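Fold and geometry: a report
Next come the chains, spelled out residue by residue.
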Amino acid sequence: MVLRDKEDLCILAGNANPQLAEDIAKHLGLKVCAATVGHFNNGETQVMIDESIRGQDIFIIQPTSYPVNDNLMELLIMADACRRASAHSITAVVPYYAYARQDRKTRGREPISAKLVANLMECAGITRMVTVDLHAGQIQGFFDIPVDHLAAAPVLADYILSKKMDDVVVVSPDLGGVQRARVLADRLGTSIAIIEKRRPEPGKAEVMNFIGDVKGKRCVIIDDIVDTAGSLCEGAKALAKEGAKEVYACCSHAILSGPAVDRINDSCIKELIITDTIPLPEEKKSPKIVTLSLADALADVMLNIHQRKSVSNLFK
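Now for a quick tour of the structure. (Residues numbered from 1 in each chain as written. Predicted model: local features only at pLDDT ≥ 70, side-chain atom pairs only at ≥ 80, totals over all residues. Heavy atoms only, no water.)

Residues I24, L184 and L298 are the most contacted members of the largest nonpolar core, which totals 43 residues. In this structure L184 touches A153, A157, I160, V170, V220, I222 and C250, once residues within four positions along its chain are discounted. If you look at the next biggest cluster of nonpolar residues, it comprises 35 residues, including V47, L76, A92 and F142. (Core = buried A, V, L, I, M, F, W, Y, C linked by side-chain atoms within 4.5 Å. Buried < 20%, exposed > 50% of the residue type's maximum accessible area, 1.4 Å probe, protein only. Contact = heavy atoms within 4.5 Å.)

Here's what the structure looks like:
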């Protein structure tokens, strides 16, 4: 097989996370493709690609984080522009996939928004999707195109291992996150514990019980998303009451909306370890928050896709 040259690889960036796109391009020794992504006076999204992309493999770096709908429309319109400009392929690199928490109907007359977003991406001309730690893994099945579902666990594990801590136990904040906790625990060579909780209403959680031993341990809570941080901080408080020596937390996607940063600063959490799937604005930065970059990992995945090589081998 003849490998395609990197000159045929084009990186496009929307406004969602331009720094991540720059870091990926730097790792690959490329420049981000010249393009204008903004708004017309009436608020409609404006996209203009300022160089030829005919026959190229396009990678659009665009997490659908806040403002969600603006960033989603940018992604769709950029994809449409690439399709109409005769791109060879269009891969959406969407580290954070919006609407992932709306993946099924729990009551009558509810939408399945995660499926709708998948349909929109395919209709726009996207031929492949790369994402990180979907809230629900089955969302991969909402697509009829290839989906590379990557995990942040290798990067998170490397950082935790660098701290050379002993007596570590990985804690899942709920029963649904056990598999995620197991993956991290396997990389750390340790055991897991589970917080059993219930949600009396949306946005609120009550810790009911613990499964596993946390007394005298350094606990590392792992979750895919930290939004308002209410559940996370309550879980950390419960771990401390149960006798945990220290409590760390890590997540792939730090939305940190509303009072999240204040809650983390006031909590017993020693560090919150996050990735750059969502950019962290200055006003949300804190001495307790450590940001790890996924740029190098995503760049390697993109290069393997471009060169028609295995992606899974990168994570063995």
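The next thing to look at is helix 1 (residues 18–28). An α-helical turn contains 3.6 residues, so a residue and the one three or four places further along point in the same direction. Buried within helix 1 we find L20, A21, I24, A25 and L28. The arc enclosing the buried residues of helix 1, seen along the axis, measures out at 135°, which places them on a common side. Opposite the buried face of helix 1, by more than 90 degrees, sit the exposed residues Q19 and K26. Close packing links the buried residues of helix 1 with strand 1 (9–13), strand 4 (57–61) and helix 8 (295–306). Once helix 1 ends, the next one or two residues include G29, with phi positive near 70°. (Helix = DSSP H or I, 4+ residues; strand = E, 2+ residues; numbered from the N terminus. Arc of directions from axis to C-beta.)

Taken in spatial order, the 5 strands line up as 1-4-5-6-7 in an open sheet, and their pairing is parallel. Because the sheet does not close on itself, it has two edges, and the strands there are strand 1 and strand 7 (147–150). Each neighbouring strand pair of the sheet contributes to a mean axis angle of 20°, computed without reference to strand direction. (Pairing = 2+ DSSP bridges. Axes fitted to C-alpha atoms, helices over the stretch in contact; angles between N-to-C directions.)

We now examine the environment of R308. Summarising the element assignment, R308 is placed in the segment after helix 8. We classify R308 as partly exposed; its relative accessible area is 38%. A C-alpha to C-alpha distance of 22 Å links R308 and C33, two positions 275 residues apart in sequence. Among the polar contacts listed, one links the side chain of R308 to the backbone oxygen of H306, at a separation of 2.6 Å. (Polar contact = N/O pair within 3.5 Å; in protein donor to acceptor, adjacent residues only side chain to side chain.)

Turning our attention to the side chain of R218. Position of R218 relative to the elements: it lies in strand 11 (residues 218–226). Owing to a relative accessible area of 17%, R218 belongs among the buried residues under this scheme.

The next point concerns the pairing of strand 6 (residues 128–132). Among the 5 residues that make up strand 6, 4 are buried, leaving the element largely enclosed by the rest of the structure. Summarising the sheet, strand 5 (residues 89–94) and strand 6 pair through 4 bridges and their orientation is parallel. Within the sheet, the bridge partner assigned to T91 lies in strand 6 and is R128. As for the winding sense of the linkage, the β-α-β connection from strand 5 through helix 3 (residues 113–124) to strand 6 is right-handed. Where strand 6 and strand 7 come together, 4 bridges link them in parallel fashion. Within strand 7, the position partnered with M129 by the bridge is V147. (Right-handed = clockwise from strand over helix to strand, strands pointing away.)

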